[in-house]
Amino acid sequence: MSRIIRSVLIVFLFFPGALAFAQEAAAPAAPFLRDLAAEHNLLIGTSLQRGGLNNPGVRKTAPREFDSLTIENELKPASVSGGPGSYFYIAPDYMIAWGEEHGMKIRGHTLVWHNSVPSWLKKANLKKDQVLAFLQDYIATVVGRYKGRIYAWDVLNEVLDEKGRLRDGKTSFWAETCGDGYIEEPFRWARAADPKARLFINDYGVAVVNAKSNGLYALVKKLLARQVPIDGVGFQCHVAEKSPPNFKSVAENVRRFIALGLEVQFTELDVRIQGEPTPEQLKHQAEIYAGFFEIAVLTRGVTGVTLWGAADPVSWIPGAYNGFGSALLFDDEYNPKPAYFAVKEALGRGRLKNK
Ligand code: 9MR
């Protein structure tokens, strides 16, 4: 063992306070991400799960850096609805109150999603009118409960297939039972329940100009022409470090939706890395993050960017993509990664007036 390493070990062994000091020294300093983003009128968010909030690293990092909180799972219909007239609010109530305490705006996620159909509803064998009656009541009740507290709702989540057409009955319970009948009304019901909440359609694979985002564009245009109260489009942005998007295309795509009079948010950003990350991969990841934030800062009409998780230990990625991880801005010890500093730099650049 080298003499230097030995002396460092001795210092930490006999002076545990020195370890705390070393960790403290590695912690980021003000201004934090939310301070910088606020100068652009841009919300910077994180999603969180109820379990993640038991974690001291999350409790410390999330409210320091982020001023928007997406309830990752606890407001999904399968979590909230226990049967007709039966609702589970304990987890979302707690999370929303916690976010509010820390001056975070709350994003509601989500009202209609083929992957979160209450199990009792699937089994109930209801006809179209009954399914829609449930949905109307559900939206009125849940959006109404949090009226004035949830500033934006993902009303529809992932309703398009890979080609940009509405999902069919094979992949979506809603399409199977209601045809296209569940697309417009949820926006009207949500608007009626909380007129001030911003109402979004959210999807994955739509950040660049491609067949799917063309389909989304056509759908949204049609909805607007039919006076459906839709305020924004969410691009999820789950990206692999090895295959970043073409940012010119992202910028062009964002602009065409904004030109329709809508706001755009990057709602679920993360950049997953395969294996133990190398310094090169972390650098590349940082560049990808910067790419998104540069667009967010420069484009009037981009109103928020949400990271899908506050830090690597609470990311959904390792559970969903075998061998992948390290997708977020903070590492396993909640220390900032190169991506954090790249985001900070992107946010620190060129202030835009009136944004
Ligand atoms: O991150 C979420 C994970 O914890 C859940 O198990 C999963 C299923 O509900 O949903 C994940 O979040 C998804 C989001 O709700 C919609 N877009 C894709 C996200 C990642 O799968």
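Conventions and cut-offs
- Residues numbered from 1 in each chain as written.
- Predicted model: local features only at pLDDT ≥ 70, side-chain atom pairs only at ≥ 80, totals over all residues.
- Heavy atoms only, no water.
- 1 Å grid on protein atoms, 1.4 Å probe; cavity = no way out; pocket = protein on both sides within 12 Å on 5 of 7 lines; lining within 4 Å.
- Points joined across faces, edges and corners; volume = space filled by probe spheres on them.
- Helix = DSSP H or I, 4+ residues; strand = E, 2+ residues; numbered from the N terminus.
- Nonpolar A, V, L, I, M, F, W, Y, C, P; charged D, E, K, R; others polar.
- Phe/Tyr/Trp six-rings, centres within 6.5 Å; stacked < 30°, edge-to-face > 60°.
- Buried < 20%, exposed > 50% of the residue type's maximum accessible area, 1.4 Å probe, protein only.
- Lys NZ or Arg CZ within 6 Å of the ring centre and 35° of its normal.
- Pairing = 2+ DSSP bridges.
- Right-handed = clockwise from strand over helix to strand, strands pointing away.
- Near = heavy atom within 4 Å.
- Polar contact = N/O pair within 3.5 Å; in protein donor to acceptor, adjacent residues only side chain to side chain.
- Areas by Shrake-Rupley, 256 points an atom, 1.4 Å probe, with all protein chains shown as cover.
- Sits in = over half its atoms within 2 Å of the grid points.
- pLDDT = per-residue confidence, 0-100.
- Contact = heavy atoms within 4.5 Å.
- Axes fitted to C-alpha atoms, helices over the stretch in contact; angles between N-to-C directions.
- Parallel < 35°, antiparallel > 145°, perpendicular 65-115°, else oblique.
- Left-handed = near helix turned anticlockwise from the far one by under 90°.

### Describing the layout of surface pockets
A volume near 500 Å³ is recorded for the largest pocket. Along the wall of the largest pocket there are 27 residues; nearest its centre are Glu158, Tyr204, Gln236, His238 and Glu268. Of all the elements in the fold, those that place two or more residues in the lining of the largest pocket are strand E5 (105-113) and strand E9 (238-240). Across the lining of the largest pocket, the residue classes break down as 13 nonpolar, nine polar and five charged.

### Concerning the packing of aromatic side chains
Scanning the model with the defined rule gives 15 aromatic pairs in all. Note on Trp316 and Tyr321: the rings are 5.7 Å apart at their centroids and 75 degrees apart in plane angle, and the pair reads as edge-to-face. Classification of Tyr321 by relative accessible area gives partly exposed; the value is 28%. Each residue in the set Tyr87, Tyr89, Trp120, Phe134, Tyr138 and Tyr146 is aromatic and connected to the rest through ring pairs, giving one cluster. Directly above the ring of Tyr151 sits Lys105, whose terminal nitrogen or CZ lies 5.0 Å from the centroid. A cation sits over an aromatic face here: Arg107 above Phe200, 4.8 Å from the ring centre.

### Here's the deal with the environment of Arg272
With respect to the helices and strands, Arg272 occurs in strand E10 (residues 263-274). In this structure, the C-alpha to C-alpha distance between Arg272 and Gly323, residues 51 residues apart in sequence, is 9.8 Å.

### Details of the pairing of strand E1 (residues 43-48)
With six of its six residues buried, E1 lies for the most part within the structure. Both faces of E1 are covered, namely the face carrying Leu43, Gly45 and Ser47 and the face carrying Ile44, Thr46 and Leu48. Here E1 runs beside strand E2 (residues 68-71); their pairing, made up of four bridges, is parallel. If you follow Gly45 over to E2, its bridge partner there is Ser68. In terms of handedness, the path from E1 via helix H4 (residues 56-65) over to E2 forms a crossover that is right-handed.

### What to know about the site of the ligand
Glu72, Asn73, Lys76, His109 and Glu268 are the nearest of the 13 residues found near the ligand. At a separation of 2.5 Å, an oxygen atom of the ligand approaches a polar side-chain atom of Glu72. Taking Trp308, its side chain carries an N or O atom lying 3.0 Å from an oxygen atom of the ligand. Across the complex, the protein chains shield 74% of the 450 Å² of accessible surface that the ligand would expose by itself. Assessed atom by atom at 2 Å from the grid points, the ligand resides in the largest pocket. Here the shell around the ligand is built from residues that sort into three nonpolar, six polar and four charged.

### With respect to the pairing of E10
Within E10, eleven of the twelve residues are buried, which leaves it mostly tucked inside the rest of the structure. Inspection of the sheet shows strand E8 (residues 232-235) paired to E10 by four bridges, in the parallel sense. Each residue of the ladder has a partner; that of Phe235, found in E10, is Phe266. Regarding the hand of the β-α-β motif, the stretch spanning E9, helix H12 (residues 247-258) and E10 is right-handed. Pairing of E10 with strand E11 (residues 302-307), which is carried by four bridges, proceeds in the parallel orientation. Bridge pairing in E11 links Phe266 to Val305. Chirality of the crossover, the property in question, places the unit of E10, helix H13 (residues 279-298) and E11 among those that are right-handed. Where E10 lies against strand E12 (residues 324-325), two bridges are found, and the strand directions are antiparallel. Paired with Ile273 across the strands is Gly325, a residue of E12.

### A word on the side chain of His40
Locating His40 in the fold gives a position in the loop between helix H3 (33-38) and E1. For His40, a relative accessible area of 0% gives the class buried. Polar contacts involving the side chain of His40 include one to the main-chain carbonyl oxygen of Leu347, which spans 2.7 Å.

### Describing the confidence of the model for the protein
This prediction gives the protein a mean pLDDT of 93; 91% of its residues lie at or above 70. This model gives residues 16-25 a pLDDT under 50, and the stretch forms five contacts once residues within four places in sequence are excluded.

### Digging into the packing of H13 against helix H15 (residues 338-348)
Interaxial distance between H13 and H15 falls to 8 Å at its minimum, and their mutual angle equals 25 degrees. Relative to H15, the element H13 lies roughly parallel. Pair H13 / H15 crosses with right-handed handedness. Across the interface between the two elements, Leu282, Gln285, Ala286, Tyr289, Ala290, Phe293, Glu294 and Val297 of H13 pack against Pro338, Ala339, Ala342, Val343, Ala346 and Leu347 of H15.

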